[in-house]
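# Reading the structure
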Amino acid sequence: MELALILSISVISLLFAIYLALQIMKQDRGTPEMQKIGDAIRKGAEAFLKRQYSTIAMLSVILAAIIFVLYAFVRTPMPNDPVDPTRLASYTALSFLFGAFCSGVAGYIGMFVSIRANSRTASAALTSLNRALQISMRGGAVSGLFVVAMSLLGVGGLFGVLQLLGTPVDKIPFMIVGFGFGASFVALFAQLGGGIYTKAADVGADLVGKVEAGIPEDDPRNPAVIADLVGDNVGDCAGRGADLFESTAAENIGAMILGVALFPFFGLKGIMFPLVVRAFGLIASIVGVMFVRTREDADPMAALNKGYYVTAFLAAIGFFIGTKWLLDTPSAPDAWLHFFAAGVIGIVTSIAFVYITQYFTEYRYRPVKSIAESSQTGPATNIITGFAVALESTYLPVITISIAIVASYYLGLTSGLPNAGLYGTAVATMGMLATAAYILAMDTFGPITDNAGGIVEMSHQPDNVRVKTDRLDAIGNTTKALTKGYAIGSAALAAFLLFSAYIDDVNAILKEKGMPAMTSVNIAKPEVFVGALLGAALVFLFSALAIKAVGKAAYFVINDVRAQFKEKPGILQGTEEPDYGRTVDIVTRGALKSMVGPGLLAIGVPIGVGIIFKWFNVGAEAVAALLMVGTIAGILMANVLNNGGGAWDNAKKFIETGMYGGKRSEPHKAAVVGDTVGDPFKDTAGPSLHVLIKLLATITLVLAPLFI
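None of the values given here were measured: they were computed from a predicted structure. (Residues numbered from 1 in each chain as written. Predicted model: local features only at pLDDT ≥ 70, side-chain atom pairs only at ≥ 80, totals over all residues. Heavy atoms only, no water.)

### Points about the packing of aromatic side chains
In total, this model carries 23 aromatic pairs according to the counting rule given. A centroid spacing of 6.2 Å and a plane angle of 75° characterise the contact between Phe266 and Phe339, whose relative ring orientation is edge-to-face. Of this pair, Phe266 sits in helix 8 (residues 263–266) while Phe339 is found in helix 11 (residues 335–361), placing the two residues 73 residues apart along the sequence. You'll find Phe266 and Phe339 in the same group, each marked buried. Relative to Tyr423, the ring of Phe266 has its centre 6.5 Å away and its plane inclined at 35°; by these criteria the two rings are tilted. Note that Phe266 is positioned in helix 8 and Tyr423 in helix 15 (residues 421–432), a separation of 157 residues in sequence. Owing to a relative accessible area of 7%, Phe266 belongs among the buried residues under this scheme. (Phe/Tyr/Trp six-rings, centres within 6.5 Å; stacked < 30°, edge-to-face > 60°. Helix = DSSP H or I, 4+ residues; strand = E, 2+ residues; numbered from the N terminus. Buried < 20%, exposed > 50% of the residue type's maximum accessible area, 1.4 Å probe, protein only.)

The following block contains the structure:
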């Protein structure tokens with residue numbers, strides 16, 4: 001019954017997303033000039049994604065073959081394996097490919113709608129702010145609903161197939177971990193490639209256009225402007241869609257593995273619980289999206305917040321129903337209330353992260369205002385103050401995560417069930433991700449409104465229309481920053497959940513081999529300490545490679561824009577057309593070439609540590625240390641990069657409102673330099689670290705048998 005409900009809600013959510021997409025496609029695309037610009041953005045985004053997914057598909061097939069060989073011929077068969085080694089290898093490799101495929105589809109569908117909603121949002125802004133808000137938010141909802149529903153369908157569908165094949169239900173979660181790894185693998189490359197593309201184009205457009213040529217943002221005379229608008233879609237839509245797909249898939253499987261430990265008390269219901277409450281979260285998100293509407297003179301952000309609060313409230317009701325229905329056991333009559341409270345802690349944590357991120361990245365508050373003020377004395381003080389704000393922004397998120405983990409752990413521990421503490425943290429993670437579909441809708445809302453503003457600017461619409469799209473664009477910048485904060489928080493809780501699942505998996509293997517369980521990770525052992533050190537170093541090296549990749553690609557963009565201004569002097573006079581396609585192609589090639597190195601590094605390091613230290617009989621423990629310390633370093637670094645970049649961006653926008661001399665003033669030029677530094681922080685390295693944290697967990701979970 002539970003599985004049928006999960007699959008039914010997933011299908012209904014997909015159908016509703018298709019309904020929203022069809023409604024958006026019926027809207028007017030605007031003037032011929034708007035349509036021309038929208039078509040250029042669409043073609044560029046589709047060309048990039050086609051090349052990117054071709055590369056990812058090739059790498060996925062190679063890695064699936066390696067997984068098959070490792071499971072079939074290298075892994076030692078266990079007495080309690082549900083199937084023979086060849087079938088187990090086939091299931092794991094196929095689930096990996098299926099996870100990669102579903103992740104790719106979810107990301108592509110989200111971008112497919114966003115690159116068509118942008119011109120329709122621009123057209124709606126000609127007459128109504130509310131209509132433009134609804135089109136952009138519902139366009140974002142298509143992405144959010146597809147991502148979460150595809151994740152549920154994938155995990156639930158695999159579970160159902162293996163159940164039909166006669167696999168014991170308490171063994172299935174361990175056999176479908178490849179699905180989460182496949183999702184993580186695609187997410188890493190999608191986020192990296194999209195992030196490198198979007199920021200290389202943005203940096204190139206800003207430095208040559210705004211600073212050197214002195215022309216406005218989104219000016220049609222800038223050859224990099226179409227590439228910049230394309231980048232918003234491939235980075236913030238396809239990339240973030242793959243990121244949150246991976247989050248929901250990996251956390252579902254991790255929580256199901258922890259549910260196996262309580263199988264004597266809850267049976268199948270404890271394993272199905274994460275999927276059921278995620279399905280209820282989909283319903284809550286659908287209702288929340290439909291609540292979004294605003295008056296023409298009101299603040300559109302208030303409308304988005306209203307929808308979010310409705311979603312969070314309904315998700316809490318869903319948790320109440322889910323815990324009472326599935327986690328009520330005579331062995332511990334009050335256990336379900338403890339788990340419900342843990343779920344509420346997760347929901348409250350997600351709200352806390354939204355407000356913390358707002359505080360550090362919105363120009364209404366002290367941190368961003370201090371960066372804008374420091375811009376009066378030049379780029380150096382802007383960067384010094386901005387970096388200080390970035391470092392400062394780590395403390396409140398860490399306190400929030402710490403409270404959530406400890407409180408949910410003790411709620412599980414005091415539930416009356418033995419060893420239920422970790423399941424309490426799993427339920428809190430499910431609570432935080434209950435609103436994932438709505439949060440992703442707000443994230444995709446950002447690039448849709450950004451593109452709409454660019455289309456309005458490039459098609460020379462009246463100032464009153466640009467005022468409307470500017471309001472939506474400013475809110476879109478905030479929602480993108482909020483989503484990154486949410487993604488960090490969910491990654492932190494999820495990483496602890498997946499680390500616990502890794503320990504459970506390792507101990508199950510050790511038990512079958514007749515070896516003592518791994519009850520702790522002892523970093524006093526030199527080999528284990530080295531594993532931890534390598535985990536922290538991986539975060540820094542990965543971030544460096546991602547940021548350098550933006551610098552390399554931006555170098556070629558800047559030179560191309562300068563060359564076009566030189567080759568065609570009439571561009572700046574408005575008498576000649578720039579070659580947008582040439583710039584788009586340059587950024588595409590640069591981004592795809594640069595994404596492979598950091599991606600392979602992220603996959604190779606944990607495998608190398610596990611296999612090398614296996615010869616010292618501490619392979620699994622060294623990998624556990626790498627996972628723990630890499631996660632801690634990754635959470636802190638992601639906060640620094642995301643919040644620092646967002647704060648620099650909004651400090652520039654604060655000055656553009658007229659403060660400290662406004663646009664084209666010396667403080668504004670200093671703020672543009674700071675924003676340019678922050679761009680690869682917040683849109684390339686930072687978001688990619690969310691994926692890295694979870695990729696480390698899923699890859700170690702899949703390959704744990706090889707490290708023992």
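Next comes the rest of the description.
### What to know about the layout of surface pockets
Taken as a whole, the second largest pocket spans an internal volume of roughly 890 Å³. Every residue lining the second largest pocket is counted, 33 residues in all, and those nearest its centre are Leu422, Phe496, Phe499, Ser500 and Ile503. Of all the secondary structure elements, the ones that give two or more residues to the lining of the second largest pocket are helix 8, helix 14 (395–413), helix 15, helix 17 (463–512) and helix 21 (619–656). Tallying contributions element by element places helix 17 first for the lining of the second largest pocket, with 8 residues. Tallied by class, residues from the lining of the second largest pocket come to 24 nonpolar, 8 polar and 1 charged. (1 Å grid on protein atoms, 1.4 Å probe; cavity = no way out; pocket = protein on both sides within 12 Å on 5 of 7 lines; lining within 4 Å. Points joined across faces, edges and corners; volume = space filled by probe spheres on them. Nonpolar A, V, L, I, M, F, W, Y, C, P; charged D, E, K, R; others polar.)

### Regarding the side chain of Thr684
Along the chain, Thr684 falls in helix 22 (residues 666–703). What makes Thr684 buried here is its relative accessible area of 0%. Apart from the residues lying within four places of it in its own chain, the contact partners of Thr684 are Leu192, Gly195, Ile196, Lys199, Ala546, Val550 and Asp679. (Contact = heavy atoms within 4.5 Å.)

### Looking at the nonpolar core
Leu304 and Tyr502 are the most contacted members of the largest nonpolar core, which totals 246 residues. A per-element tally of this core places helix 7 (residues 225–260) first, with 19 residues. Residues in contact with Tyr502, not counting those within four places in the same chain, are Ala620, Val623, Ala624, Leu627, Thr700, Leu701, Ala704 and Phe707. (Core = buried A, V, L, I, M, F, W, Y, C linked by side-chain atoms within 4.5 Å.)

### A word on helix 14
Along its 19 residues, helix 14 runs 27 Å from first to last C-alpha, staying within 8% of the 27 Å computed at 1.5 Å per residue. Within the span of helix 14, buried status applies to Pro397, Thr400, Ile401, Ala404, Ile405, Ser408, Leu411 and Gly412. Angular distribution of buried residues about the axis of helix 14 spans 140°; they occupy a single face of the element. Those residues of helix 14 that are exposed and angled more than 90 degrees off the buried face are Tyr395 and Ile403. (Expected span 1.5 Å × (residues − 1). Arc of directions from axis to C-beta.)

### Considering a nonpolar patch on the surface
Taken together, the side chains of Ile523, Phe529, Val530, Leu533 and Leu534 present a nonpolar region at the surface, about 430 Å² in accessible area. Relative to the helices and strands, Leu533 is located in helix 18 (residues 526–567). (Patch = residues over 30% accessible without salt bridge, like charges linked within 9 Å, V, L, I, M, F, W, Y side chains within 5 Å. Areas by Shrake-Rupley, 256 points an atom, 1.4 Å probe, with all protein chains shown as cover. Salt bridge = Lys/Arg side-chain N within 4 Å of Asp/Glu carboxyl O.)

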